[in-house]
Amino acid sequence: MTRRQWLILLTVVALAAAFWFFDLGHWLRLETLKARQTELRALYDARPLTVIAVYMAVYVTVTALSLPGAVILTLAGGALFGLWTGLVVVSLASTAGATLAFLAARYLLRDSVTRRFGARLDEVHRGMDRNGAFYLFTLRLVPLVPFFVINLVMGLTKMPARRYAWVSQLGMLPGTLVYVNAGTALGGLQSLSGIVSPQLLGAFALLAVFPWIARAVLGGWQARRVQQPWAAQRPKQYDRNLVVIGAGAAGLVTSYIAAAVRAKVTLVEAHQMGGDCLNTGCVPSKALIRAAKLAHEVTRANEFGLTAAPATVDFAAVMDRVADAVRGVAPHDSVERYTALGVDVRQGHARLVDPWHVEITAADGTREVLSTRAIVIATGAAPTVPPLPGLQDVAFLTSDTLWGLRTAPRRLAVLGGGPIGCELALALARLGCGGTLVGQAPRLLAREDGAVSALAADSLRAAGVDLRLGVAVQRAEASAAGAPDGVLQLADGAAVAFDRLLVAVGRSARLQGFGLEALGIPAGRTIETNEYLETLHPNIYACGDVAGPWQFTHAAGHQAWSAAVNALFGQFRRFRVDGRVMPAVTFLDPEIARVGLNEREAAAQGVAVEVTRYPLGDLDRAIVERETTGFIQVLTEPGRDRMLGVTIVGAHAGELLAEFTLAMQHGLGLNKILGTVHPYPSWSDAAKLTAGRWKDAHKPEGALRWLARYHAWRRGG
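Presented here is a report on the structure given in the accompanying data block. (Residues numbered from 1 in each chain as written. Predicted model: local features only at pLDDT ≥ 70, side-chain atom pairs only at ≥ 80, totals over all residues. Heavy atoms only, no water.)

Turning next to the overall build of the protein chain. Helix and strand content of the protein chain: 23 helices and 21 strands. Expressed as a percentage of the 717 residues in the protein chain, the buried residues total 44%. Of the roughly 35,200 Å² of accessible surface on the protein chain, 60% is carried by carbon and sulfur atoms. (Helix = DSSP H or I, 4+ residues; strand = E, 2+ residues; numbered from the N terminus. Buried < 20%, exposed > 50% of the residue type's maximum accessible area, 1.4 Å probe, protein only. Areas by Shrake-Rupley, 256 points an atom, 1.4 Å probe, with all protein chains shown as cover.)

If you check helix α12 (residues 282-298), its first and last C-alpha atoms are 24 Å apart, about what 17 residues at 1.5 Å a residue would give, namely 24 Å. Within the sequence span of α12, burial applies to V283, P284, S285, A287, L288, I289, A292 and A295. Looking at the buried side of α12, the elements it contacts are α11 (275-279), α13 (315-329) and α15 (419-430). (Expected span 1.5 Å × (residues − 1). Contact = heavy atoms within 4.5 Å.)

On to the sheet that holds strand β9 (residues 435-439), then. The strand order β10-β9-β8-β14 describes an open sheet built from four strands, whose pairing is parallel. Every other strand in the sheet has two partners, leaving β10 (465-469) and β14 (500-503) as the edge strands with one partner each. Within this sheet the neighbouring strands show an average axis-to-axis angle of 20 degrees, counted without direction. Strand direction decides the pairing type here: strand β8 (residues 412-415) and β9, joined by four bridges, are parallel. Bridge assignment links V414 to a residue of β9, and that residue is L437. (Pairing = 2+ DSSP bridges. Axes fitted to C-alpha atoms, helices over the stretch in contact; angles between N-to-C directions.)

A few words now on the packing of aromatic side chains. For the structure on display, the rule yields six aromatic pairs. Between F102 and Y164, the ring centres sit 4.1 Å apart and the planes meet at 15 degrees, which makes this aromatic pair stacked. Placement of the pair is F102 in helix α6 (residues 83-141) and Y164 in helix α8 (residues 161-183), with a sequence separation of 62 residues. When sorted by exposure, F102 lands in the same class as Y164, which is buried. Between Y710 and W713, the aromatic rings sit 6.1 Å apart at their centres with planes inclined by 35 degrees, giving tilted as the arrangement. Placement of both Y710 and W713 in helix α23 (residues 701-714) is noted, with a separation of three residues, approximately one turn of the helix. A residue is classified by how much of its surface remains accessible, and Y710, at 40% relative accessible area, is partly exposed. By way of ring pairs, the aromatic residues Y44, Y55, Y59 and F81 are connected into one cluster. Positioned above the aromatic ring of F631 is the side chain of R613, whose terminal nitrogen or guanidinium carbon lies 3.9 Å from the ring centre. Cation over ring: R709 sits above W706, and NZ or CZ is 4.7 Å from the ring centre. (Phe/Tyr/Trp six-rings, centres within 6.5 Å; stacked < 30°, edge-to-face > 60°. Lys NZ or Arg CZ within 6 Å of the ring centre and 35° of its normal.)

Time to look at the side chain of R240. Considering the arrangement of structural elements, one finds R240 in strand β1 (residues 240-245). Dropping the residues within four chain positions of it, R240 is found in contact with K264, V265, T266, D344, R346, L370, S371, T372 and R373.

Before going further, it helps to spend a moment on the pattern of salt bridges. A side chain with one charge may pair with a side chain of the opposite charge, provided their charged atoms come close. Using the criterion set out here, one finds 32 salt bridges in the structure. Between R327 and D324 there is a salt bridge whose closest N-O contact spans 3.7 Å. A residue pair is termed a helical-turn pair when its members lie 3 or 4 positions apart in one helix, as R327 and D324 do in helix α13 at three residues. For R327, a relative accessible area of 55% translates into the label exposed. The class of D324 is partly exposed, set by a relative accessible area of 44%. Residues R600 and E601 are paired through a salt bridge, measuring 3.7 Å at the closest nitrogen-oxygen approach. A relative accessible area of 34% means that R600 is categorised as partly exposed. Overlapping salt bridges bring together R240, D344, R346 and E368 as one network. (Salt bridge = Lys/Arg side-chain N within 4 Å of Asp/Glu carboxyl O.)

Put simply, G548 and P549 share a cis peptide bond, and its omega is 0 degrees. Here P549 is to be found in the loop between β16 (540-542) and α17 (553-569). Across the junction of Y680 and P681, the peptide omega takes the value -10 degrees, indicating a cis bond. Positive phi, close to 70 degrees, is recorded for R262, a residue that is not glycine. Residue position: R262 is located in the loop between α10 (249-260) and β2 (265-269). Take R262: its relative accessible area is 69%, and that puts it in the exposed class. At H652, a position not held by glycine, the phi torsion is positive, near 60 degrees. Along the polypeptide, H652 turns up in the loop between β21 (643-650) and α20 (653-665).

A few words on the side chain of R500. Along the chain, the position of R500 falls in strand β14. The side chain of R500 sits in the buried core without any salt bridge; D485 is the nearest counter-charge, 7.9 Å away. A polar side-chain atom of R500 sits 3.4 Å from the main-chain carbonyl oxygen of A395. When residues no more than four places from it in sequence are discounted, the contact partners of R500 are A395, L397, L405, P409, R411, L412, A413 and P484. (Lys, Arg positive; Asp, Glu negative; His and termini not counted. Polar contact = N/O pair within 3.5 Å; in protein donor to acceptor, adjacent residues only side chain to side chain.)

The end-to-end C-alpha distance of helix α4 (residues 48-64) is 24 Å, a good match for the 24 Å that 17 residues give at a rise of 1.5 Å each. Listed as buried for α4 are V51, I52, Y55, Y59, V60, V62 and T63. Along α4, the residues classed as buried sweep out an arc of 165 degrees about the axis, all on the same side. Positive phi appears at S66, one or two residues downstream of α4, with a value of about 55 degrees. (Arc of directions from axis to C-beta.)

Strand order in the open sheet formed by three strands is β11-β12-β13, with antiparallel pairing between adjacent strands. Of all strands in the sheet, those bounded by a partner on one side alone are β11 (473-478) and β13 (495-498). Each adjacent strand pair in this sheet contributes to an overall mean axis angle of 15 degrees, direction not counted. Pairing analysis gives four bridges linking strand β12 (residues 486-490) to β13, with the strands arranged antiparallel. By the bridge assignment, L488 is partnered in β13 with V496.

Quick look at the pairing of β2 now. A large share of β2 lies buried, amounting to five of its five residues. Neither face of β2 is open: one carries V265, L267 and E269, the other T266 and V268, and all of them are buried. Here four bridges tie β1 to β2, and the two strands are oriented parallel to one another. Bridging across to β2, V244 finds its partner in L267. Chirality of the crossover, the property in question, places the unit of β1, α10 and β2 among those that are right-handed. Note: β2 against strand β3 (residues 344-347), four bridges, orientation parallel. Counted as the bridge partner of L267 is V345 from β3. (Right-handed = clockwise from strand over helix to strand, strands pointing away.)

Written out as structure tokens, the structure is:
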């Protein structure tokens with residue numbers, strides 16, 4: 001806390017202590033008020049404005065300091081000023097005092113609470129941004145909730161003070177009216193419990209529930225208004241509880257969850273079960289990367305006392321092995337497995353007919369229409385093909401079509417310096433495909449920090465990849481129409497000749513051909529959804545790559561849980577997607593793994609961070625295995641062990657990231673990692689050593705100097 005914060009806090013504590021020490025509370029008791037009612041009323045008749053000013057000052061002070069007595073003061077307002085004048089005076093004073101308490105809590109406590117629980121408060125802040133005024137209004141309507149608690153807790157949120165003031169005033173008005181009215185008959189009032197009867201409390205509770213009922217009714221009305229053009233098509237009975245379109249990671253998880261809770265669910269896939277991840281993405285690419293890494297390790301044999309010799313690569317055999325890996329994993333995503341789990345799997349193309357009907361067209365042209373209460377769109381993404389002049393004349397490859405290749409190109413050109421382009425360029429280069437990578441950005445992996453990009457570039461260059469970065473491609477020229485070879489003409493005047501061209505500039509959501517346009521579902525780069533993954537139609541959801549913002553298999557599975565539960569049980573409770581802690585790995589050599597912020601993003605967002613870096617060259621296991629390239633970099637709040645982001649570059653980076661991801665997800669700091677026993681010698685020990693490096697930079701030097709004196713005294717020195 002700053003000096004000013006301490007001064008304000010001490011002032012508040014001193015005033016509260018004086019209130020109790022001098023027993024000022026006896027002036028705020030019902031008996032005292034009744035005994036002095038005539039005297040106070042005469043004073044008000046003589047000097048009304050002065051009495052009102054003093055009264056408001058006292059009321060504001062009591063409520064701002066969260067002292068007991070606001071109820072008595074409200075009764076006094078009715079007794080002194082009458083119903084309507086009292087209502088205005090009390091309403092203004094109570095709002096002013098509540099707002100001051102709110103601001104005091106914000107100024108004194110919010111920063112420290114945010115530092116302590118920051119990651120766990122993010123969702124609270126988002127909820128307050130969306131519905132904070134609504135929650136505050138309903139809390140103010142119920143006198144069972146102590147108002148001073150509301151003032152203090154709301155001060156820890158990001159709600160604007162002006163909004164807090166007017167919502168509070170509006171919400172407190174009914175209760176204020178009751179108490180001011182009771183004050184007008186103060187002489188007959190025997191106790192405070194007589195003011196609020198059980199019937200009145202019940203009325204307040206109903207008043208508080210009313211906004212929720214109104215909100216539900218309004219939501220239903222909005223849904224009906226959106227779906228009014230198709231109202232005649234809404235069935236009275238449904239064939240299915242849920243229809244899922246797309247059998248990639250998101251669709252498989254969604255349908256699995258639905259079947260697990262015994263819903264009747266149909267999963268529709270037009271191509272291959274498992275989607276891109278199984279057939280053209282994660283599985284084949286990692287199989288290819290493993291073969292490439294092994295080929296590279298053979299050349300390093302002399303580092304381990306063995307005779308090194310270049311590996312002889314049978315490219316066709318490598319690609320056959322990749323296909324075999326896909327076949328090995330395929331049963332996990334097969335029609336047979338999901339049918340056994342209770343999912344009705346259909347092979348065909350799905351199209352939305354209206355918000356409750358899905359038309360399925362099989363390969364033989366037969367069509368079937370299913371009615372369903374809810375729909376989840378999980379159609380994934382496809383490789384982006386840029387509008388490059390001449391590109392359509394080249395028989396280029398993408399991450400989808402690469403896997404049919406059986407002859408290694410001697411001159412491979414890779415277009416794109418993102419994760420997909422870098423991973424495939426490195427793997428294919430190590431398998432004998434001499435290549436050039438062309439990227440329009442000035443460095444590889446532009447979202448990562450500069451040091452990370454530099455290590456990625458070093459790895460690619462070491463494998464023989466020629467990097468042409470920071471230059472645009474003007475056009476592609478095929479040697480003949482439809483030929484796989486040709487030339488890329490660059491903006492700097494250079495030309496890159498290739499035998500095969502791999503286009504890897506990203507992936508785009510699959511949005512066409514599913515009937516989205518006919519239903520008016522907004523879609524830009526992805527389908528627009530709210531935080532519950534609902535589209536424009538509240539019974540139609542989207543998840544995975546088609547919904548974004550991530551394009552990771554694990555993110556798709558994570559979203560799928562929310563989509564499935566919301567689609568089936570959203571009338572009772574809905575769940576937002578918690579994407580605060582989303583890990584990502586680029587499988588280069590060394591691997592690059594990250595969760596949370598990196599330095600580049602922290603600087604762009606104006607977030608103050610402290611950087612702790614641990615070089616893997618200091619890790620015993622890395623030294624033993626001669627995998628010393630790389631580092632672990634942790635961003636924390638200055639002076640605190642709360643992690644804001646972790647970047648790991650090195651062998652097994654993806655595995656090492658899991659411990660940090662778990663810690664960030666559950667609000668555990670570096671001290672918790674340091675206090676956890678890690679096996680030795682292991683790669684996971686690097687996490688503890690990183691935490692130890694942070695701890696070493698935060699040694700309590702003053703206490704250590706006193707300890708040195710203590711030990712010297714114990715030695716008799």
